[in-house]
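Residue strings, one per chain:
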Amino acid sequence: MSSAAEDSKDSKGSEDSYAPDRLRLLQDTGQEGAARRAALARLTDDWLAGLFERATGRTGSGVALVAVGGYGRGELSPRSDLDLLLLHDGKAGARTVAELADRLWYPVWDLGLALDHSVRTPAEARKAARDDLKVQLGLLDARHLAGDPELTGALRGTALADWREQAPKRLPELREISRERAARQGELQYLLEPDLKEAKGGLRDATALRAVAASWLADAPREGLEAARTRLLDVRDALHLTTGRTTDRLSLQDQDQVAQALGVLDADVLLRQVYESARTISYASDVTWREVGRVLRSRSVRPVLRGLLRGRTAGGGPGRGERSPLAEGVVELDGEAVLARTARPDRDPVLPLRAAAAAALAGLPLSLHAVRRLRTGAAIRPLPVPWPAEAREQLVTLLGAGAQTVPVWEALEAEGIVTWLLPDWERVRCRPQRNAVHRWTVDRHLIETAVRAAALTRRVHRPDLLLIAALLHDIGKGWPGDHSVSGETIARDMATRIGFDARDVTVIATLVRHHLLLIETATRRDLADPATIDAVAETVGSTGTLELLHALTEADALATGPAAWSAWRGSLVADLVKRVTARLAGEAAPEGRPADEPTAEQERLAVEAWRTGGPALTLRTRAEGRGEVDERLRTDPPAGPAAGPGAAADPEPEPVGVELLMAVPDQPGVLPVAAGVLAMHRLTVRAADLRSVDPVGEGPVLLLSWRVAAEYGSLPQAVRLRADLVRALDGSLDVPARLAEREQAYARRSRGMQAPPPRVTVAPGTSELATVIEVRAQDAQGLLHRIGRALESVRVTVRSAHVSTLGANAVDAFYVTDEKGEPLADEVAVEVARTVEHALK
């Protein structure tokens, strides 16, 4: 047995005490949070010190055990690494030092604890710090555990001195690492499954702020920062204890347990607290790094050059110390918007909005000092209600500044000024959205929508109403019930508070109430049905409101995420708006191809399908940088074993949008069969449209237009798709059986995943020509196939289908009639909806 193993065995008595004491501490509900982390660190300190004394014979001369990093700060989470440095003066032989290290490390490993360790002399530690920024940051928190305290003290002194000397060179490196990490991990305050440590605004950024403070070049805003860091540490502790794993990612399946462990109401409240903490750290980081940049720029200009360049900066703007007016009471100073010396926030209640608007228009950040003075002034003299005209105009100006609005708004948010101005904002601040389509929290989504709307203000007659509606369209998400309904009431109150007159308030409220009307109608309803157009026209009431709603719809979708908007969706909405505009103006149907009239390509396919008596299909892909590519599928079958021209897939570039057109002679079961074949080939249906045409007056042909994406890998070859479609239609290919096998395999892989149950309803009054059955369900392979089979089983005819997929959610509308081509009786329609819902469950 090795000497290290023997010493590990000799120290078993101490280990036997440490392990149960550690377990009792972690299970003690009376000691949590920072107190438990400190107690765990002390307990571990004592144990390691005992190991060290037994290994060195209680002398410890010329050698020291040092805690670094998080452990050095005296903070130990339940599953944290032990960051240890064995420091020696180099006088002992390498073998002796190695044996001592083994006597320390083996007991740690025997207990299954994670260990990050190193063995160095002071000179080696300094060299490692120069070569590796992570080592240098860890040494800033070096703490003596056992052995020679003078050795540790000297290392601490030299590490701090080296850091302060090298900070002008190392801080830009640290800043770049932080930026790369943020780009890779995202912003913690907006993620549904955030990494508490690595994401922007997480624990790594909090540690970086400590390093900046240690450099003496700049310091972070202290208010709320330590509380935010402590909250993230508490959440990580609970995550470690509930999962039993070393993880920093707050996964969806763990959030309820973590919330319960922390005594928080639910996972949404937990996420909101995490987001608020991350926002505090993120804002402090932005402010601090701006200050670091200013200090370093100042140091980089020699005194002589400062005199030569006085009044100018590298960017051509005002020089350091020179003020340039931006607005009344607001000036630019050293790259920031600050308050003028004569500004009196306590006497000028519009100043917060004026300063914010001026900063956004100039593309400048609001200085921390200015924002805090504005907050103090707002507390002394708030805006009167309703707001004066200048305040309303400044808010519109701020929202209309585009992307430059975001950092200015975040500065106001960080100091509570937004909630002071608009109290109802508190309900949506940092509120998570548990929807994969949404990329932002509710409040950030509202600002992003205003940013998108700012680019569309030239399209509307009242840009101010558009921008305010964009800011308020989801304000109801902070209240129970339908957010559009509750949002209408809140928007009325807020618009009145802002100072709009009664007519404008009504328009804003209407936009908020119906902000989803156009996108839902365009993608889920038959635009050729007069009842659809009449319903939208009656709801919006005027062409002016319709114009605003069109712009708001686009801005909202663009701000939601890439899955919510596309050229196809935009064209559908534009077509709907064109038709409703004509209806409101009392004009005939707009010129151009009606929605129900086939294109030339569709007519060609329909004629081919009628002529051959079989399916005809074609595919168009939109490839990055190449526009439309029509090479992957040919409608004709190959003459021999080899595929026809273009059958092989062109591997580059990767398609970003795929449109598949099918024409099939009308017969029972076309929709479920076609959907099943696509599912067999692992094609995910993003959107679909079905209609019937009679190309030569000899009988109907079904046209199916699909928007699809390959689940993985490349798109299938045309000949295989067509061959399988032919076999499925004549019954020689058992599509349901093939899909059932795949569903069973998928069910095994996704065990534990839970989705809301499907909901199938009858949409009343949406069409005079058919009954609309609306399906909302979790998107999955074969979903459309199952829906189609259920509809076929109850002997209804599908006149048209409108399929829309957003993230993991499918919202499909089917226009169905009875065998006589009439809308279904009410009781029959309800039974059809029940049948489809049962089939999906």
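Everything numeric in this text was worked out from a predicted model, so none of it was measured.

Can you lay out the packing of helix α28 (residues 670-680) against helix α29 (residues 718-730) for me, pointing to particular residues and giving the numbers?
Helix packing geometry: the angle between the two helix axes and the distance between the axes. One way to put it is that α28 packs onto α29 with a least axis distance of 10 Å and a crossing angle of 140 degrees. Viewed along their axes, α28 and α29 adopt a mutual orientation that is oblique. Handedness of the crossing formed by α28 with α29: right-handed. Counted together, V670, V673, A674, V677, L678 and M680 of α28 and L721, D724, L725, A728 and L729 of α29 form the full contact between these two elements.

How would you sum up the packing of aromatic side chains? Please name residues and give values.
By the definition in use, this model includes four aromatic pairs. Summarising the aromatic geometry, the rings of Y18 and W47 are spaced 4.3 Å apart at their centres and angled 5 degrees between planes, so their arrangement reads as stacked. With a gap of 29 residues between them, Y18 in helix α2 (residues 12-27) and W47 in helix α3 (residues 33-56) connect regions that are remote in the sequence. Accessibility classification places Y18 together with W47 in one group, the buried group. In this structure, R164 packs its charged tip against the face of W216, placed 3.7 Å from the ring centre.

Can you tell me about the packing of helix α16 (residues 389-399) against helix α17 (residues 405-414), naming the residues and giving the values?
At a minimum axis separation of 9 Å, α16 and α17 run at an interaxial angle of 125 degrees. When the axis of α16 is compared with that of α17, the two are oblique. Facing L395, L398 and L399 of α16, the residues of α17 in contact are T405, V408, W409 and L412. Of the residues assigned to the contact of α16 with α17, the class counts are six nonpolar, one polar and no charged.

Quick one: what's the story with the sheet that holds strand β4 (residues 143-147), residue by residue and with numbers?
Through backbone hydrogen bonds, the strands of a sheet pair up, either in parallel or in antiparallel fashion. Taking strand neighbours across the sheet as the criterion, the four strands line up as β3-β2-β1-β4 in an open arrangement whose pairing is mixed. Two strands close off the open sheet at either side, each with one partner strand: β3 (115-120) and β4. Sheet twist, expressed as the mean angle between neighbouring strand axes with direction ignored, is 25 degrees. Bridge count for strand β1 (residues 63-67) against strand β2 (residues 82-88) is five bridges, and the pairing is antiparallel. Its bridge partner lying in β2, A67 is registered against L84. Along the sheet, α3 contacts β1, β2 and β4; its crossing angle with β4, the most-contacted strand, is approximately 35 degrees. Where helix α6 (residues 122-131) meets the sheet, its contacts fall on β2 and β3, and the angle it forms with β3 comes to roughly 120 degrees.

Just give me the short version of the sheet that holds strand β5 (residues 323-327), but keep the residues and values in it.
Sheet architecture is open: three strands sit in the order β5-β6-β7, paired in antiparallel fashion. Looking at which strands have only one partner, the edges of the open sheet turn out to be β5 and β7 (336-339). Between one strand and the next, the sheet's axes are offset by a mean angle of 40 degrees, whatever the strand orientation. As defined by bridge partners, strand β6 (residues 330-333) adjoins β7 across four bridges and the pair is classed as antiparallel. Of the residues in β7, the one forming a bridge with V330 is L339.

With reference to specific residues and values, describe unusual backbone geometry.
With the exception of glycine, the majority of residues adopt a negative phi angle, and the majority of peptide bonds are in the trans configuration. Note that the residue after V385, namely P386, is joined by a cis bond; omega there is 0 degrees. Following the sequence through the fold, P386 ends up in the loop between α15 (368-380) and α16. Non-glycine residue W216 carries a positive phi angle of around 70 degrees. Checked against the element boundaries, W216 lands in the loop between α9 (203-215) and α10 (225-243). Taking the relative accessible area as the measure of exposure, W216 reaches 66% and is therefore exposed. Non-glycine residue D334 carries a positive phi angle of around 55 degrees. With respect to the helices, strands and loops of the structure, D334 is situated in the loop between β6 and β7.

Hey, could you go over the side chain of S282 for me, with residue numbers and the actual values?
Relative to the elements of secondary structure, S282 occurs in helix α12 (residues 267-300). Once residues within four sequence positions are removed from consideration, S282 is found in contact with Q189, K200 and G201.

Any chance you could break down helix α32 (residues 826-840) for me, citing the residues and the numbers?
Here α32 contains 15 residues, and its C-alpha end-to-end distance of 22 Å stays within 8% of the 21 Å for a straight helix at 1.5 Å per residue. Those residues of α32 not exposed but buried are A829, V832, A833, V836 and L840. One face of α32 carries all of its buried residues, which in axial projection span an arc of 100 degrees. The exposed set on the far side of α32, more than 90 degrees from its buried face, consists of E827, R834 and H838. Where α32 is buried, its residues touch β13 (759-763), β14 (771-778) and α31 (783-793).

Account for the pattern of salt bridges, naming residues and giving values.
Per the counting criterion, the structure on display carries 58 salt bridges. Note that D504 is salt-bridged to R462, the shortest N-O span being 2.9 Å. With D504 in helix α22 (residues 502-513) and R462 in the loop between α19 (442-454) and α20 (463-472), this pair connects stretches of sequence that are 42 residues apart. The class for D504 is buried, based on a relative accessible area of 10%.

Lay out the side chain of H515 with the relevant residues and their values.
Note on placement: H515 falls in the loop between α22 and α23 (517-524). Engagement of the side chain of H515 in a polar contact is seen with the side chain of D474, the distance being 3.2 Å. Residues in contact with H515, not counting those within four places in the same chain, are H473, D474, H483, S484, L549, L552, T553 and D556.

Quick notes on the rules
- Residues numbered from 1 in each chain as written.
- Predicted model: local features only at pLDDT ≥ 70, side-chain atom pairs only at ≥ 80, totals over all residues.
- Heavy atoms only, no water.
- Axes fitted to C-alpha atoms, helices over the stretch in contact; angles between N-to-C directions.
- Helix = DSSP H or I, 4+ residues; strand = E, 2+ residues; numbered from the N terminus.
- Parallel < 35°, antiparallel > 145°, perpendicular 65-115°, else oblique.
- Left-handed = near helix turned anticlockwise from the far one by under 90°.
- Contact = heavy atoms within 4.5 Å.
- Phe/Tyr/Trp six-rings, centres within 6.5 Å; stacked < 30°, edge-to-face > 60°.
- Buried < 20%, exposed > 50% of the residue type's maximum accessible area, 1.4 Å probe, protein only.
- Lys NZ or Arg CZ within 6 Å of the ring centre and 35° of its normal.
- Nonpolar A, V, L, I, M, F, W, Y, C, P; charged D, E, K, R; others polar.
- Pairing = 2+ DSSP bridges.
- Expected span 1.5 Å × (residues − 1).
- Arc of directions from axis to C-beta.
- Salt bridge = Lys/Arg side-chain N within 4 Å of Asp/Glu carboxyl O.
- Polar contact = N/O pair within 3.5 Å; in protein donor to acceptor, adjacent residues only side chain to side chain.

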